[in-house]
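Results of the structural survey
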Amino acid sequence: MSMFQSPPGRGHGDQSSSSSQPNGASSSLARRVRSQSAVDASLKNPARERFHVFDAYTGKQYSVNVKPDESIDNIKKLLVSHGHCPIPATQQIFLLENGSKVESFKRLNAFSENFERKERIFLFDRKLLNADIHRNPPPVTLPNLSPTSVPEPPMQVNTSNLSPLEAALTVYQQKFLYHVDVVVSYRETFTTRKKLCKICFGEYERQLCALTAVTKNLEQDVKSLDKAHREFYSYYNEVSASHQSLLEGFSADLERLRSVPVNPALQQPGVPPRKFLIEYVQEHRFRTWKDDLEKKHTNLSNKVEVSRRVLADILDAVDEEIKSKVEVNAPLLMGKLDEISEAVGKVEKTFEFVNASYREVVEKVEDLRSEKSGASGSASWRMCDTFQENFDLHEKSIEQLRALDESTIDIILFFFKAKESVAQQLLLKLNKTAELQSRAMTVHKDLKLFEEALPKEKADFLPLLYIRNLPTSCTETVKEVVRRKKWKVFFTKLVEEAHEHIRVTLNDELLLRKKFHRQFGTRYY
């Protein structure tokens, strides 16, 4: 029996009343299934977040939706596939604001602490970081900077069928409406230009941050290289000092071998006896070996010294790059931004004034038409004087807006020239950085070669070390031989005593057995 069927024995009414329960249960079950499916889907597909990266050359922002555990390599591909970034994924380099490089094999959540500190990521072109490639900054595309297009003055209305006062007010209404349209045109233009200036200022500020990130990245790389080089140089100095001592004392070591006699304990039977240790050494061969080692040692020492001087020059150049001041016009740009904000405020006030005059004249025209009487005509004619004053003020304000229109064009040009200037400085900085990075990479490669050559040199110097330590080794060998001979005599005597003791014990045992046999016979066996 199904769990949604009613039990037997119930009436028709019971069945109808119970038929609502299965539907409710099935709907609740369906809701639970849907909610569980939603949970499973959320676990399989975690919520995506908006990821922002900034082009270091233009300051533009690129955004894509990514998972929290998205790999950096996939993000680079997404930037290209979405059409945001013109740089191929393999040529993209991400740098954090603190100068650290964002490796492609890592995932986005590995940099959560950096994002919590609101550090931005800047995008660079790997080709532009090559010291052999010098490129011009990307062209700056200027917007349409033509003067604001104001509407044409309207055709004069036909006032032949109107009273003189109504005709005059209608003319003012038409003029004021035209003024409103003109001011609206300026307001839209000024507002658009203000937004554009804000965007330019933001991109300019990001370009400056990208400059700082490049310098910090260079400083980190060179400092880590300097640390590794210092550690190697300290170890190399110790090894080089010992090798230099062996080279300088080689002749004295040979002369010492001429004066050290060979101990008779070291003489081998069947071999002609040798008087001095020098007879055990092939002097000519060792002298040739020493000359070759001296050349190799001098060559390696000179290379290490040259590498150390090159690294010192690189460090000085990096310090100069850090101390060099980038031409920053941020305060001046802020002032220009305030100017264009004032222009927007000016056009807003002008719009309010012109719009208020237009509404006032519209109200007067409507009042005049509704009254259809000239009782208050004198007052209305006096109002025309006020409207004429407002008209003159409108013309002066619009003339000021025309002047502000030209000044806002100059402000936008200033912003774009500042962007172009910082882009040029960025490329100059990148070229200098790429050159220093290339030199640092050469030092790094030399350091690896030195680290590989030093163990080989230590192995090559072992024969000279053998020459120096030969007298001491012979003395120790003689002591060991004498000690072993003494122990040999001692152990020989000890073994002979043991053999004698065993022989006496066996003889005593045989005598006792024979005595027992003579006395008791063999019955006890």
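Notes on the structure follow. What you see is a predicted model, and the numbers here were worked out from it, not measured in a lab.

Before going further, it helps to examine the overall build of the protein chain. Within the protein chain, the secondary structure is distributed over 10 helices and 5 strands. Restricting the contact set of the protein chain to residue pairs at least 6 apart, pairs at least 24 apart contribute 79%. Taken as a whole, the protein chain presents about 32800 Å² of accessible surface, with 54% of it coming from carbon and sulfur.

A separate point is the sheet that holds strand S5 (residues 121-125). With respect to topology, 5 strands assemble into an open sheet ordered S2-S1-S5-S3-S4, the strand pairing being mixed. Across the chains shown, the open sheet's two edge strands, defined by having one partner strand only, are strand S2 (61-66) and strand S4 (101-102). Inspection of the sheet shows strand S1 (residues 49-55) paired to S5 by 2 bridges, in the parallel sense. Bridge pairing in S5 links Asp55 to Leu123. Across the sheet, helix H3 (residues 72-81) touches S1, S2, strand S3 (92-96) and S4, and the angle it forms with S3 is around 120°. Contacts from helix H5 (residues 164-248) reach S1, S2, S3, S4 and S5 within the one sheet, and its direction differs from that of S5 by about 75°.

What follows is about the pairing of S3. The side chains of a regular strand alternate between both faces of the sheet. Most of S3 sits inside the fold, with 5 of its 5 residues counted as buried. Residues Gln92, Phe94 and Leu96 line one face of S3 and the alternating positions Ile93 and Leu95 line the opposite face, and both faces are buried. Here 5 bridges tie S3 to S5, and the two strands are oriented antiparallel to one another. Bridged to Leu95 within S5 is Phe122.

Turning to the pairing of S2, a few remarks are in order. When S1 meets S2, the two strands line up antiparallel, connected through 6 bridges. When the sheet's bridge partners are listed, Val53 is paired in S2 with Tyr62. Count of turn residues in the S1/S2 antiparallel hairpin: 5 residues, of which Gly59 carries a positive phi of about 80°.

A complete count under the given rule lists 12 aromatic pairs for this structure. When the centroid spacing of 6.0 Å and the interplanar angle of 45° are considered together, the rings of Tyr172 and Phe176 count as tilted. Of the two residues, Tyr172 and Phe176 are both situated in helix H5; the distance of 4 residues between them amounts to about one turn of the helix. Classification of Tyr172 as buried rests on a relative accessible area of 10%. Since its relative accessible area comes to 0%, Phe176 is described here as buried. On the numbers, 5.8 Å between centres and 20° between planes, the contact of Phe232 with Tyr236 is stacked. Taken together, the residues Phe232 and Tyr236, both in helix H5 and 4 residues apart, mark about one turn of the helix.

This part covers the side chain of Asn390. Structurally, Asn390 is set in helix H9 (residues 377-460). The class of Asn390 is buried, set by a relative accessible area of 10%.

Cut-offs and rules
Residues numbered from 1 in each chain as written. Predicted model: local features only at pLDDT ≥ 70, side-chain atom pairs only at ≥ 80, totals over all residues. Heavy atoms only, no water. Helix = DSSP H or I, 4+ residues; strand = E, 2+ residues; numbered from the N terminus. Contact = heavy atoms within 4.5 Å. Areas by Shrake-Rupley, 256 points an atom, 1.4 Å probe, with all protein chains shown as cover. Pairing = 2+ DSSP bridges. Axes fitted to C-alpha atoms, helices over the stretch in contact; angles between N-to-C directions. Buried < 20%, exposed > 50% of the residue type's maximum accessible area, 1.4 Å probe, protein only. Phe/Tyr/Trp six-rings, centres within 6.5 Å; stacked < 30°, edge-to-face > 60°.

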